[in-house]
Amino acid sequence: MNLERFTQKAQEALVDAQQITQGFDQQNIEPAHLLLALLQQEEGVVPAVVTRVAGGVDALRNDLTQDLQSRPRVYGGNMQVGLSRPASDVLAAAERYARGMQDEYVSTEHILLGLTDSSESRRMERYGLNKDAILRALASVRGSQRVTSQNPEETYQAL
């Protein structure tokens, strides 16, 4: 995983996922943490896509928050937060989606698509968020634009 090939928003989502994980006193960034971080990006592509598909982000965000609150917590002064294997797999899938869409950078929408291949896919399906629905909504948000810079959202249709 080469973070230089991730857009600014995708990098921010990874940092936010780490902070969310720490906030819940958990040790590993899981796909749920990634999804919650993506949903919390104001003016991001993912909230726009989720809103187009599911009508809004609040129900999914609340669902994720409740789930994360119920997970085991780890306490200690020297806790290091790391990327779990499933979260790493999501990012690898995101890189594959970016290549498949002929994008030069991995963006937040690629991570969202990668999440459809993860343990979060079942939760996402409950909100209508499957690959096809995401791709359709994404086409209306970004049109035929490709991700050719680290800040592609500036070129997308107004969110």
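Treat the numbers as computed from the prediction; the structure is a model and nothing was measured. Numbering of residues begins from 1 in every chain and follows the order in which that chain's sequence is written. Where totals are concerned, whole chains, interfaces and linings use all residues; where local detail is concerned, this predicted model gives features only for residues with pLDDT of at least 70, and gives and counts side-chain atom pairs only at 80 or more. Hydrogens are left out, water is left out, and the side-chain values use all remaining heavy atoms of the structure.

Here's the deal with the overall build of the protein chain
Next, step 1: Helix and strand definitions follow DSSP, with helices as H or I runs of at least four residues and strands as E runs of at least two, each counted in order from the N terminus. When helices and strands are counted, the protein chain shows eight helices and two strands.
Next, step 2: For the protein chain, the α and β elements follow one another from N to C terminus as α-β-α-α-α-β-α-α-α-α.
Next, step 3: The globule rule used here is 2.2 Å times the number of residues to the 0.38 power, and the radius of gyration it is set against is calculated over C-alpha atoms. Over its C-alpha trace the protein chain gives a radius of gyration of 15 Å, about what one expects of a compact globule, namely 15 Å for 159 residues.
Next, step 4: The principal-axis extent of the C-alpha atoms belonging to the protein chain is close to 50 × 35 × 25 Å.
Next, step 5: Here's how the labels work: a residue is buried when its accessible area is under 20% of the maximum for its type, exposed when over 50%, partly exposed in between, all with a 1.4 Å probe on protein chains only. A total of 159 residues make up the protein chain; the buried ones form 46% of that total.
Next, step 6: Contact definition: two residues touch when any of their heavy atoms are within 4.5 Å. Sequence separation of 24 or more characterises 70% of the internal contacts of the protein chain that already satisfy a separation of 6 or more.
Next, step 7: Computing the positive centroid from 16 side-chain charges and the negative centroid from 21, the protein chain places the two 5 Å apart. Counted as positive: Lys and Arg. Counted as negative: Asp and Glu, with His and the chain ends omitted from the count. Here the site of a charge means NZ on Lys, CZ on Arg, CG on Asp, or CD on Glu.

Here's the deal with the nonpolar core
Next, step 1: One finds Leu-35, Leu-39, Val-49, Ile-111 and Leu-112 to be the most contacted residues of the largest nonpolar core, which totals 43 residues.
Next, step 2: Listed by contribution, the elements that provide at least two residues to this core are α1 (8-23), α2 (31-39), α3 (45-54), α4 (58-70), α5 (85-100), α6 (108-115) and α8 (131-142). What is meant by a nonpolar core is a set of buried Ala, Val, Leu, Ile, Met, Phe, Trp, Tyr and Cys residues, joined one to another through side-chain atoms within 4.5 Å.

Topic: the side chain of Glu-95
Next, step 1: The residue Glu-95 is located in helix α5 in this model.
Next, step 2: Whenever a carboxyl oxygen of Asp or Glu lies within 4 Å of a side-chain nitrogen of Lys or Arg, that contact is scored as a salt bridge. Put simply, Glu-95 is tucked away with no salt bridge, and the nearest opposite charge, on Arg-99, sits 5.3 Å away.

A few points about the pattern of salt bridges
Opposite charge on two side chains lets them pair, provided their charged atoms get close.
Next, step 1: In the structure shown here, the tally under the stated rule is 11 salt bridges.
Next, step 2: For the salt bridge of Arg-146 with Glu-104, the shortest nitrogen-to-oxygen distance reads 3.8 Å. Here the residue Arg-146 occupies a position in the segment after α8, and Glu-104 occupies one in the loop between α5 and α6, the gap between them amounting to 42 residues.
Next, step 3: Since its relative accessible area comes to 38%, Arg-146 is described here as partly exposed.
Next, step 4: The salt bridge involving Lys-131 is made with Asp-117; its shortest N-O contact spans 2.7 Å. Placement of the pair is Lys-131 in helix α8 and Asp-117 in the loop between α6 and α7 (121-126), with a sequence separation of 14 residues.

A look at the environment of Asp-63
Next, step 1: Positionally, Asp-63 belongs in helix α4.
Next, step 2: Those residues within four positions of Asp-63 in sequence are excluded, and the remaining contacts are Arg-123, Arg-126 and Tyr-127.
Next, step 3: Among the polar contacts made by the side chain of Asp-63, one reaches the side chain of Arg-123 at a distance of 2.9 Å. Think of a polar contact as two N or O atoms within 3.5 Å of one another; within protein, one of them needs to be a possible hydrogen donor and the other a possible acceptor, and neighboring residues in sequence only count if both atoms come from side chains.

Let's talk about α5
Next, step 1: To estimate how far a helix should extend, the number of its residues minus one is multiplied by 1.5 Å. Taking 1.5 Å per residue, 16 residues should reach 22 Å; α5 reaches 22 Å between its end C-alpha atoms and fits that length.
Next, step 2: For α5, the complete set of buried residues consists of Ala-87, Val-90, Leu-91, Ala-93, Ala-94, Glu-95, Tyr-97 and Ala-98.
Next, step 3: On the buried face of α5, the contacting elements are α1, β1 (28-29), α2, β2 (82-83), α6 and α8.
Next, step 4: Near the N-terminus of α5, the side chain that reaches the backbone nitrogen of Ala-87, with its oxygen 3.2 Å away, is that of Ser-84.
Next, step 5: Backbone geometry just downstream of α5 places Gln-102 in the positive-phi region, at approximately 60°.

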